[in-house]
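Remarks on the overall topology
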Amino acid sequence: MSTPDLELLRAKLVGMPLPGGSFEVPAYRAWISHAAMNSPPIPAGTLHPVWILLGSLQGMGVPMDYFAHLVAADPSTAVLGEITVEQYRVLEDSRTYSVVGRISNVERRRGRRGMLDFLDFQLEVFDAEQRVASSTQTFIFPRQDTA
Amino acid sequence: MTDLSLHVGFELPTFRVTVEPAYLNVFSLLVADPNPLHFDAAAVARAGLGDKPLSQGTLNIAYALNVVLAVVDAARITKFTCRFLGRVYAHDEVVAGGIVTEATSDEATIALWMDNGDGERVLTGTAIVEPAPRPVLSRTAQGPATEAETSPHDPLRRE
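Throughout, a residue's number is its position along its own chain's written sequence, starting from 1. Going through the entries in the order they are written, you letter the chains from A and number the ligands from 1. Reporting of local features is limited, given that this is a predicted model, to residues whose pLDDT is at least 70; pairs of side-chain atoms are given and counted only at 80 or more, and all residues count toward the totals for whole chains, interfaces and linings. Side-chain numbers come from the whole structure's heavy atoms, not from hydrogens or water.

So, on to the side chain of Asp115 of chain B. Residue and element names in this part refer to chain B. Mapped onto the secondary structure, Asp115 falls in strand β4 (residues 108-115). Of note is the side chain of Asp115, whose polar atom sits 2.8 Å from the side chain of Arg121. Apart from residues lying up to four places away in sequence, Asp115 is in contact with Glu93, Val94, Val95, Glu120, Arg121 and Val122. The secondary structure listing takes helices from DSSP runs of H or I that are at least 4 residues long and strands from runs of E that are at least 2 residues long, numbered from the N terminus. Polar contact is defined as a pair of N or O atoms within 3.5 Å, subject to the rule that within protein one atom must be able to donate a hydrogen and the other to accept it, and that residues adjacent in sequence are counted only when both atoms are side-chain atoms. Contacts are assigned to residue pairs that have any heavy atoms within 4.5 Å of one another.

All names here are of chain A. Stacked, tilted and edge-to-face are the three classes assigned to paired rings of Phe, Tyr and Trp, where Trp is represented by its six-membered ring and a pair needs centres within 6.5 Å; plane angles under 30 degrees give stacked, over 60 edge-to-face, the rest tilted. Inspection of the entire model under this criterion finds 7 aromatic pairs over all chains. Between the aromatic rings of Tyr66 and Phe67, the centroid separation amounts to 5.8 Å while the plane-to-plane angle is 70°, which identifies the pairing as edge-to-face. Judged by its relative accessible area of 24%, Tyr66 is partly exposed. Take Phe67: its relative accessible area is 0%, and that puts it in the buried class. Only protein chains enter the accessibility calculation, which uses a 1.4 Å probe; a residue whose area is less than 20% of its type maximum is buried, one above 50% is exposed, and one in between is partly exposed.

Moving on: the packing of helix α2 (residues 27-36) of chain A against helix α1 (residues 21-30) of chain B. Angles shown run from 0 to 180 degrees and are taken between the N-to-C directions of axes, each axis being a line fitted to C-alpha atoms and, for helices, limited to the stretch in contact. Direction vectors running N to C along α2 of chain A and α1 of chain B enclose 145°, while the axes themselves pass 9 Å from each other. Between α2 of chain A and α1 of chain B the crossing geometry is left-handed. Facing Arg29, Ile32, Ser33 and Ala36 of chain A of α2 of chain A, the residues of α1 of chain B in contact are Tyr23, Val26, Phe27 and Leu30 of chain B. Gly is put with the polar residues, along with every residue not named as nonpolar or charged; the nonpolar set is Ala, Val, Leu, Ile, Met, Phe, Trp, Tyr, Cys and Pro, and the charged set is Asp, Glu, Lys and Arg. In terms of residue class, the contact of α2 of chain A with α1 of chain B is built from 6 nonpolar, 1 polar and 1 charged. In this scheme the crossing of two helices becomes right-handed for a clockwise turn of the near helix relative to the far one and left-handed for an anticlockwise turn of less than a right angle.

Attention shifts here to the interface of chain A and chain B. Tallying the contact residues gives 35 residues for chain A and 36 residues for chain B. Both faces considered, chain A and chain B share a buried interface measuring about 3400 Å² in area, 65% of it formed by carbon and sulfur atoms. Note that Glu82 of chain A and Arg83 of chain B form a salt bridge whose closest N and O atoms lie 3.8 Å from each other. Seen at the junction of chain A and chain B, the total is 11 residue pairs in polar contact (both at pLDDT 80 or more). Counting only elements with at least two residues in the side of chain A that touches chain B, the list comes to α2, α3 (51-59) and β2 (79-87) of chain A. The greatest single-element share of the side of chain A that touches chain B, amounting to 8 residues, is contributed by β2 of chain A. A breakdown of the residues in the side of chain A that touches chain B according to their chemical character gives 20 nonpolar, 11 polar and 4 charged. Note: β2 of chain A against strand β2 (residues 77-84) of chain B, 5 bridges, orientation antiparallel. In the sheet register, Thr84 of chain A faces β2 of chain B, and the bridge partner there is Thr81 of chain B. Buried area: the accessible area, evaluated with a 1.4 Å probe, that two parts lose upon being put together, summed over both parts. Basic side-chain nitrogens of Lys or Arg form a salt bridge, by our definition, when they fall within 4 Å of a carboxyl oxygen of Asp or Glu. Two strands form a pair only when DSSP identifies at least two bridges running between them.

What follows concerns the sheet that holds strand β4 (residues 114-126) of chain A. In space, the 10 strands of this open sheet follow the order β1(A)-β3(A)-β4(A)-β5(A)-β2(A)-β2(B)-β5(B)-β4(B)-β3(B)-β1(B), with antiparallel pairing throughout. Looking along the sheet, the strands with just one partner apiece sit at the ends: β1 (21-24) of chain A together with β1 (11-18) of chain B. Averaged over all adjacent pairs, the angle separating strand axes in this sheet is 20°, with direction ignored. With 6 bridges connecting them, β1 of chain B and strand β3 (residues 93-103) of chain B associate as antiparallel partners. Pairing of Thr18 of chain B across the sheet is with Glu93 of chain B, part of β3 of chain B. Contacts from helix α1 (residues 6-13) of chain A reach β3 (96-111) and β4 of chain A within the one sheet, and its direction differs from that of β3 of chain A by about 165°.

Helical geometry: 3.6 residues make up each α-helical turn, so side chains three or four residues apart lie on a common side. Buried within α2 of chain A we find Arg29, Ala30, Ser33, His34 and Ala36 of chain A. Down the axis, α2 of chain A shows its buried residues gathered within 160° of arc, on one side only. The elements touched by buried residues of α2 of chain A are β1 and α3 of chain A together with α1 and α3 (57-69) of chain B. Directly beyond the C-terminal end of α2 of chain A, a positive phi value near 55° is found at Asn38 of chain A. Here, the arc refers to the directions that run from the helix axis to the C-beta atoms.

Here is the structure:
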């Protein structure tokens, strides 16, 4: 898979809005997820904070491999590089949240393992009244060449 | 839940877990993640990444946050960051911990870390938490508040 020109990628992608959508975590799903995470006891009705990421990824309106296709990379080689999450109000189960998002940056760097592309995207989570959380996530795509 | 005075230098109790493949399977289903690297060892081998399924990044974040959730309520976490440095595989025994690096009257900053089964550091991060809410000792003239009144939620028990 050839590597696209960085400036073309940036011009096409930076600022691009994501379709967005919504998510809701039923109580049983929260329970099972907390067990799978080996979470300490969490107050009833409250979601583990990692659900800010899980929920917003599900509600952003595109599948996880969408970003790989945008940058013409192999989805199976993409890895999550880093995340920053702000929680303004704790998320609750059985409640509907809406998600809006956009691609905020694309960069290319040379690392120990060769050329890497970094794609940042921001997601915001709202309840019926206000913004309750936001996140910035970075996916890393290894490149085979440096075109 | 133990509520602690989060002073600089305080080391939070470590969190240890063996990453069971069943957890990874459940997590893939929960988040509708079709990436076979998280449940199909053959796919991991074909990708040249080893011979066991890889833990999801978000599950690794959850493990690191469990360190914080063991001592403060989820609602008190205002911000967290994580940076991924390495891989976690099924059957790894991961260890995560944290130490308070800054503390003011408004918030405390906790530096987080997690090591995989080979003792390699696979994640670093931070969590910022608000101070503990002041307990409500007496809200009416009818006597002191009960324990249930001072606790905003009932703990969810998984037993």
